[in-house]
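Analysis of the macromolecular model
Listed below, chain by chain, are the residues.
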Amino acid sequence: MRGQVTVVVLAAVALSACAVDGAGRAAHGASPQPVAVRSFPPAPSVPSGPLDADASAALDEIVAGFSTFVPVDTIHAVGASDDARVLWPLSDVLRFGQGRPEGTAVLEVAEALTGVRVDPEARGTWTTLTDHLLNWDLPAPPGYATFKERLYTQLEPAWAEFFADDDAEVDWRLVGFGGVLADTRPLGAPGPCERSCIPALDDPAVTSAEGGDWYADDELVFAVRVGGESRAYPQHIMATHELVNDTVGDVRLGIAYCTLCGAAQAYVLDDVPGTERPLVLRTSGLLHRSNKVMFDLGTRSMIDTFTGRAVAGPLRRAGVVLQPVTVVTATWGEWRTAHPGTTIVAEDGGIGRTYDRDPLGDRDVDGPVFPVGQIDARLPAQRLVVGVKAPDGTSVAFDAAAARAALQMGREVSAAGVRLDSDGGGLVAAASDGTPLVANEAYWFAWSQFHPGTRLWSPGG
């Protein structure tokens, strides 16, 4: 008789936010971490064509009973196909079965198919295995998206609308569960989610710079300037909500903070093709190579947070790429000194909430906690860089701490037709002719994975 393991599918603790204090120190010149080059063995060979019929039947059996029972012997039956492509659906099983017998069975299959042994008692077994699959660019088996949809929508039915777009510009191998469910609350909902989610903050209350004396001068803000108006968003409030829908300078904005990638980004939500009203952005609970995935509440379209491109749903069909706006990362003291007319989000966000000043502690000190695959070794994974697209389309990154230091010494910081300048202690970009360019900070692993081959400014010239 096959052993059966009860599987309780629950939303994990919110892991889609990263260490606030660590990000702050890195942004302002902390000692650089050493470059860690991760070594991966050669990829296993895989066949082409359909999966073995017995393996397909076993996967069907696993997903059909996933919310109640997973037959461990059936996981081994999938591995008996001797087809390493099955590791993609099995890695999804592992995502929810780490530290359980079914997770151990997946790791045993992985070792048999690839020779890679992952200690089932270790922290982050899913991340370790999936990092190997990503680094190998291992093909997924036919029907993988359907398997993933059947598995994931048992946990969050709202994700079904992303999978329903047959032409979605999504590589489902790169998408994983971030530990929380989708935020489907209506615009303006002030309370927390009824289920586990990261609640966006809509139209927060703000105060003048003088009224912002509750926030310490050395704490970080993410600041935007639109239509002659400036607004600062305290980092710890952004780490709690990760998304803000707001109006600045009569322009509707969505400000997203992917704490896992250290990136605060802003997009214009007005006059979006295919919509009659401004978008309302929400956190989906999914991640794309450790980058948060957001969606529009009205159209239920999936949007790549890092690029602003709609990748599934009606907005994808309309070819929507959201217009980005520069986000300046600076200390509150420097920003309000440079921009005395700025406003800042109120201490309670306008919703009566008390915010922890360090809500996530040092969770990410050992590197990315979600799968990212191989990391460009030119910089440490979590070194903050300022990323910019040059007028000719060239992607260029500047080590943020080194750029600040060079500017403070009166040196020019420029590369690939892009020049950086200081604004309120933060960094902004312009073309060589002075035309402003959109810029924002992000961890190196995130910028380089979305812009492979990016130019990297060297402090030495």
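Residues numbered from 1 in each chain as written. Predicted model: local features only at pLDDT ≥ 70, side-chain atom pairs only at ≥ 80, totals over all residues. Heavy atoms only, no water.

A word on the packing of aromatic side chains. The geometry of an aromatic ring pair comes down to the distance between the two centres and the angle between the two planes. On inspection of all chains with the given rule, the structure shows 15 aromatic pairs. Between Phe-222 and Tyr-257, the ring centres sit 4.6 Å apart and the planes meet at 55°, which makes this aromatic pair tilted. With Phe-222 in strand 6 (residues 220–226) and Tyr-257 in strand 9 (residues 251–258), the pair connects residues that are 35 residues apart, well separated along the chain. Accessibility expressed as a relative area gives 1% for Tyr-257, which makes it buried. Members of the aromatic cluster, connected to one another through ring pairs, are Phe-66, Phe-96, Tyr-152, Trp-159 and Phe-177. Arg-95 extends its terminal NZ or CZ atom over the ring of Trp-126, reaching a point 4.7 Å from the ring centre. (Phe/Tyr/Trp six-rings, centres within 6.5 Å; stacked < 30°, edge-to-face > 60°. Helix = DSSP H or I, 4+ residues; strand = E, 2+ residues; numbered from the N terminus. Buried < 20%, exposed > 50% of the residue type's maximum accessible area, 1.4 Å probe, protein only. Lys NZ or Arg CZ within 6 Å of the ring centre and 35° of its normal.)

The next thing to look at is the sheet that holds strand 12 (residues 291–296). Read across the open sheet, the five strands follow the order 3-11-12-13-14; overall the sheet is antiparallel. Every interior strand has two partners, whereas the edge strands, strand 3 (175–177) and strand 14 (310–312), have only one. Pairs of neighbouring strands in the sheet enclose a mean axial angle of 50°, with direction left out of account. Pairing between strand 13 (residues 301–304) and strand 14: two bridges, direction antiparallel. Looking at the pairing, Met-302 lines up with Ala-312 of strand 14. (Pairing = 2+ DSSP bridges. Axes fitted to C-alpha atoms, helices over the stretch in contact; angles between N-to-C directions.)

Now for helix 7 (residues 144–155). With 12 residues, helix 7 should cover 16 Å at 1.5 Å per step; its first-to-last C-alpha distance of 17 Å lies within 8% of that length. All of the buried residues along helix 7 are Tyr-144, Phe-147, Lys-148, Leu-151, Tyr-152, Thr-153 and Leu-155. The inward-facing, buried residues of helix 7 contact helix 2 (53–64), helix 4 (87–97), helix 8 (160–163), strand 3 and strand 11 (281–288). (Expected span 1.5 Å × (residues − 1). Contact = heavy atoms within 4.5 Å.)

Tallied over the entire structure, the rule returns 23 salt bridges. Here Arg-300 ties to Glu-161 by a salt bridge, and the two come within 3.5 Å at their closest N and O atoms. Taken together, the positions of Arg-300 in the loop between strand 12 and strand 13 and Glu-161 in helix 8 put the pair 139 residues apart, joining distant regions of the chain. Note on Glu-161: relative accessible area 39%, which makes it partly exposed. The partner of Arg-252 in a salt bridge is Asp-203, and the shortest N-O contact between them spans 2.5 Å. Of this pair, Arg-252 sits in strand 9 while Asp-203 sits in the loop between strand 4 (201–202) and strand 5 (206–208), and the two are 49 residues apart along the sequence. Sharing partners across several salt bridges, the network here consists of Asp-183, Arg-185, Asp-202 and Arg-282. (Salt bridge = Lys/Arg side-chain N within 4 Å of Asp/Glu carboxyl O.)

A separate point is the nonpolar core. If you look at the biggest cluster of nonpolar residues, it comprises 97 residues, and the most contacted ones within it are Ile-75, Leu-90, Trp-159, Met-302, Val-388, Phe-398 and Leu-420. Setting aside residues no more than four positions away along its own chain, Ile-75 makes contact with Ile-62, Val-70, Leu-90, Val-93, Glu-102, Ala-105, Val-106 and Val-109. In terms of nonpolar packing, the next biggest core, distinct from the first, is built from 32 residues, Ala-209, Tyr-215, Val-327 and Trp-335 among them. (Core = buried A, V, L, I, M, F, W, Y, C linked by side-chain atoms within 4.5 Å.)

This paragraph deals with unusual backbone geometry. Phi at Asp-250 takes a positive value of approximately 65°, unusual for a residue other than glycine. Considering the arrangement of structural elements, one finds Asp-250 in the loop between strand 8 (243–248) and strand 9.

As a further point, take empty space enclosed by the protein. Summed over the entire model, instances satisfying the criterion amount to two cavities of 30 Å³ or more. Taken as a whole, the largest cavity encloses approximately 110 Å³ of empty space. Around the largest cavity, the lining is made up of 17 residues, and of these Trp-126, Leu-174, Val-175, Gly-176 and Pro-371 lie nearest the centre. Only helix 4, helix 6 (125–136), helix 7 and strand 3 provide two or more residues apiece to the lining of the largest cavity. (1 Å grid on protein atoms, 1.4 Å probe; cavity = no way out; pocket = protein on both sides within 12 Å on 5 of 7 lines; lining within 4 Å. Points joined across faces, edges and corners; volume = space filled by probe spheres on them.)

Right, let's talk about the confidence of the model for the protein for a bit. The share of residues in the protein with pLDDT of 70 or more is 92%, and the mean pLDDT across the chain is 90. Contacts from residues 1–37, a stretch scored under 50 in pLDDT, to residues over four places away or in other chains number 113 contacts. (pLDDT = per-residue confidence, 0-100.)

Contact pair helix 4 / helix 6: the axes reach a minimum separation of 9 Å and the direction vectors enclose 160°. Viewed along their axes, helix 4 and helix 6 adopt a mutual orientation that is roughly antiparallel. The two elements helix 4 and helix 6 cross, and the hand of that crossing is left-handed. Between helix 4 and helix 6, the residues in contact are Leu-87, Trp-88, Ser-91, Leu-94 and Arg-95 and Thr-125, Trp-126, Leu-129, Thr-130, Leu-133 and Leu-134, respectively. For the contact of helix 4 with helix 6, the class distribution of residues is seven nonpolar, three polar and one charged. (Parallel < 35°, antiparallel > 145°, perpendicular 65-115°, else oblique. Left-handed = near helix turned anticlockwise from the far one by under 90°. Nonpolar A, V, L, I, M, F, W, Y, C, P; charged D, E, K, R; others polar.)

As a further point, take helix 2. Taking 1.5 Å per residue, 12 residues should reach 16 Å; helix 2 reaches 16 Å between its end C-alpha atoms and fits that length. Residues Ala-55, Ala-58, Leu-59, Ile-62 and Val-63 constitute the buried set of helix 2. Buried positions in helix 2, seen along its axis, are confined to an arc of 130° and lie on one side of it. Structural note: helix 2 exposes Ala-53, Asp-54 and Ala-64 on the side pointing more than 90 degrees away from its buried face. In this structure Asp-52 caps helix 2, since a side-chain oxygen of it lies 2.9 Å from the backbone nitrogen of Asp-54. (Arc of directions from axis to C-beta. Polar contact = N/O pair within 3.5 Å; in protein donor to acceptor, adjacent residues only side chain to side chain.)

Scanning all chains against the criterion turns up two disulfides. Each sulfur of the disulfide joining Cys-193 and Cys-197 lies 1.5 Å from the other. For the pair Cys-193 and Cys-197, a shared accessibility class is recorded, and that class is buried. Each sulfur of the disulfide joining Cys-258 and Cys-261 lies 2.3 Å from the other. Between Cys-258 and Cys-261, the disulfide has an S-S torsion of 90° and is therefore right-handed. Comparing Cys-258 with Cys-261, the two get one shared label, buried. Each bonded cysteine of the protein gets a number by its place in the sequence, and the pairs then read 1-2, 3-4. (Disulfide = S-S within 2.5 Å.)

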